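# Structural characterization, general
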Amino acid sequence: KVKGDTLIDIGTGPSIYQLLSACEAFKNIIVSDFTDRNREEFNVWLKNQPGAFDWSSVINHVCQLEGDRISCQEKEERLRKTIKQVLKCDVLKTNPLDPVTIPKVDCLLSCLCLESACKDFETYDTSLKNISKLLKLGGYLVLTGVLGNNYYLVGEEKFSCLSLNDAFLREAITGAGYSIENFHLYNKTEDSLEDKADFSGYFVIVAQKENDA
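An account of the accompanying structure is given in this report. (Residues numbered from 1 in each chain as written. Predicted model: local features only at pLDDT ≥ 70, side-chain atom pairs only at ≥ 80, totals over all residues. Heavy atoms only, no water.)

## Some words on the overall build of the chain
For clarity, the threshold we go by: Runs of H or I in DSSP of at least four residues are treated as helices and runs of E of at least two as strands, each being numbered from the N terminus. When we talk radius of gyration, it's over C-alpha atoms, and the globule rule is simply 2.2 Å times the number of residues to the 0.38. Only protein chains enter the area calculation, which uses a 1.4 Å probe; residues under 20% of their type maximum are buried, those over 50% are exposed, and those in between are partly exposed. A contact between two residues is defined here by any heavy atoms of the two lying within 4.5 Å. The method behind every accessible area is Shrake-Rupley, applied with a 1.4 Å probe, and residues are considered shielded solely by the protein chains displayed.
Secondary structure assignment for the chain yields six helices and nine strands. Taking 213 residues into account, the globule formula puts the C-alpha radius of gyration at 17 Å, and the chain, at 17 Å, falls close to it. Within the chain, buried positions represent 44% of all 213 residues. Contacts in the chain between residues at least 24 apart in sequence constitute 68% of all its contacts with a sequence separation of at least 6. Looking at the chain as shown, the accessible area adds up to about 11,300 Å², and 50% of this sits on carbon and sulfur atoms.

## Quick notes on the nonpolar core
Rules: For the purposes of this section, nonpolar cores are sets of buried Ala, Val, Leu, Ile, Met, Phe, Trp, Tyr and Cys residues that join through side-chain atoms within 4.5 Å.
Ile8, Ile10 and Tyr124 are the most contacted members of the largest nonpolar core, which has 33 residues in total. At the level of elements, β1 (4-10), β4 (105-111), α5 (121-132), β5 (135-147), α6 (166-175), β8 (178-187) and β9 (201-209) are the ones that each hand at least two residues to this core. In this structure isoleucine 8 touches Ile30, Leu97, Ile102, Val105, Cys107, Leu108, Leu109 and Leu134, once residues within four positions along its chain are discounted. Among the nonpolar cores identified, the runner-up in size contains 25 residues, and Leu19, Ile59, Ile83 and Tyr140 belong to it.

Here is the structure:
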């Protein structure tokens, strides 16, 4: 039932994996990110320009999960056609898309963003309320991220991360005006290929907006 006209992804990065299923449920997708470099890289893929990252293995995996209803190439083109805007976003601003304003959307998606952008729990609470202003009443928040993560590496560069726990997340989301519908926690497995961060697990949350906090 998480579907509608428009979805906005907060903190897209240079990635498309989180949008591959969304393009089946929404007519329009808006992507957003803080850094110019990430938006530039995303646009290289969006415009199918030379040097674009090859996402074919990820797209093929998602197509398999969805029952191989369409080909990998069709999925990629469907996603490109669904994406309408690539915007700068700063979750610390009251209007994260400032100076752009958009009509409120049906779904707010954010993956591995807020814990990277926020230095403490108070900032996380504020940022969650900021991005929630973009969502219609009755619309859905889909939030994914990592638990117990203090840092992550990109190449040799080390970045700090806010260490989250499930109790705080429940309080933050309900405090931002949501009713939590699904809250799934997954422990990091011993055979995980991910060794670039010190996280302990993952979370996937679906919540419905009940009021403007």
